[in-house]
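# Structural characterization, general
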Amino acid sequence: MSVKVTFLGAAGTVTGSSYLISHGAVQILVDCGIFQGERSWREKNWLPPHFNPSEITAVLLTHSHIDHIGMLPRYYKLGLRAPVFCSPATADLTKLMLLDSGRLQEEEASFHLKQGKSRHHPPEPLYTELDAKGALELLRPSPLNLQTPVAAGVLAQWSLMGHILGACSISLHIGGKRIVFSGDIGRYGEPLLVDPMPIEMGDLLLIESTYGDRLHNGAGLEDALAEIINQTYHRRGVVLIPSFAVGRTQTLLYYLRELKAAGKIPDLPVIIDSPMALDATSIYQRHPNEYDAASLALLKSGVQPFQLPKMYFIRDRGESIKLNSIDDPMIIISASGMLSGGRIMHHLKHRLSDPRNTVLFVGFQPPGSRGDWLKQGNRSMRLLGQEVQVNAAVCEVSGLSAHADRDELLRWCRSCSGTPGRVAVVHGEPETAARFSAQLQRDLGWNSFVPSYLESLSI
């Protein structure tokens, strides 16, 4: 009996990672991410799922970013009761991410109700915090580098990939077949976490391609970051950094600590205005088994990798609002990293029109998103019901991306043993995925293709 693979997300786009693996009565859902970016994709979050959640046998998660886990509470709401397997650190971080996502969904619905501008009446959240709490009861942390039974006759193994804490590839053994999910592949030689681990290829590889047609400009990353901060400081402005609370914020703090220690930037306050980032940083500190050698050496010397002078975490909303009255130079790091909601929206509304300030992007901004709108050079932006002029500088430092670039993706492929029978290039914009697929064929001789949204194949 063949194994069927259906591409429910991250096919034709970067976000919404989700794949349904069917073999007889067994249905395995690998990732269940939320769609972000353009409205045509976001609206798919509201459609009935292309499977019956109550019939899912097990869910496997590669890591805890919302575009990989964000639909779990909605599926729970619709009847999902299957165990959700993931790495131990992913389980810890998923609790943060989903509770926060549930709250944000409710807050957004409440905001639209007050504004009376929703296309749906009354506006409803995609799911609630209560739905998220129910979904979290399904989590089953699984050991790293060991095969774990996830269904009758089905084994899965998680291997660290260095993208964020807990991020793993998954090797799934089902129906006599081996299917490998790369998940999001991290960088080589980056701070904090181990490099992506090689694994054994099998009958099918699903590999991400977010940066599959370009190279990160990693050279001089610290200098570029220092230059932007120093220029803003000399204007007596604020550096406002939209950042993922999980992963990106911790890496950013690592670099800021290094820059301050080297005297490359002034000892100005660094404000992390994100309760989730505070909790995520605590979780990072609890999982040093995933640290690289340099970070372990720092720990041994008594230095926390992401602790720096004049660093302040803000949990209380009132304290966050008080930041608006501070006119002194500082760095504010706030979520969400893709400007999809959260406290960053209020900071943008307050700071975007001031030419002294800088908005610094340190991560991918999907086409059609607010971040993409700013990067395109538009001179105004609608924020929280108000049109705001864009007078602040808008900059980007791509070298902080937690995604492997083209050469790093190829490096991971070459590090693995065996040749995959087929390769599905996913988690990339269409042109990027097509270019990386061609690169795999040309450089490695692999039988690669780019699947379409909802396409299925049998192996």
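Below is a short write-up of the structure.

### Comments concerning the pairing of strand β18 (residues 386-389)
Relative to β18, strand β17 (residues 380-383) runs antiparallel, the two sharing four bridges. For R382, the partnering residue across the bridge sits in β18 and is E387.

### A word on the sheet that holds strand β11 (residues 204-208)
Overall, mixed pairing links the seven strands, which are arranged β7-β8-β9-β10-β11-β20-β21 in an open sheet. One side of each edge strand has no neighbouring strand; the edge strands of this open sheet are β7 (148-151) and β21 (448-449). Relative to strand β10 (residues 177-181), strand β9 (residues 168-174) runs antiparallel, the two being bridged by five bridges. Residue pairing across strands places I170 opposite F181, the latter belonging to β10. Seen against the sheet, helix α14 (residues 430-444) touches β11, β20 (422-426) and β21 and runs at an angle of roughly 155° to β20.

### Digging into the side chain of H68
If you trace the backbone, H68 turns up in helix α2 (residues 66-69). Separated by 3.4 Å, the side chains of H68 and S17 make a polar contact. Residues contacting H68, with those up to four places away along its chain left out, are S17, D31, C32, G33, L61, T62, H63, D184 and H427.

### So, unusual backbone geometry
The omega torsion of the bond from A335 to S336 falls at 10°, within 30 degrees of zero and hence cis. In this fold, S336 is placed in the loop between β15 (330-334) and α11 (344-351). Its identity as a non-glycine residue notwithstanding, H427 has a phi of 55°, on the positive side. Its place among the elements puts H427 in the loop between β20 and α14.

So, how was this worked out
Residues numbered from 1 in each chain as written. Predicted model: local features only at pLDDT ≥ 70, side-chain atom pairs only at ≥ 80, totals over all residues. Heavy atoms only, no water. Pairing = 2+ DSSP bridges. Helix = DSSP H or I, 4+ residues; strand = E, 2+ residues; numbered from the N terminus. Contact = heavy atoms within 4.5 Å. Axes fitted to C-alpha atoms, helices over the stretch in contact; angles between N-to-C directions. Polar contact = N/O pair within 3.5 Å; in protein donor to acceptor, adjacent residues only side chain to side chain.

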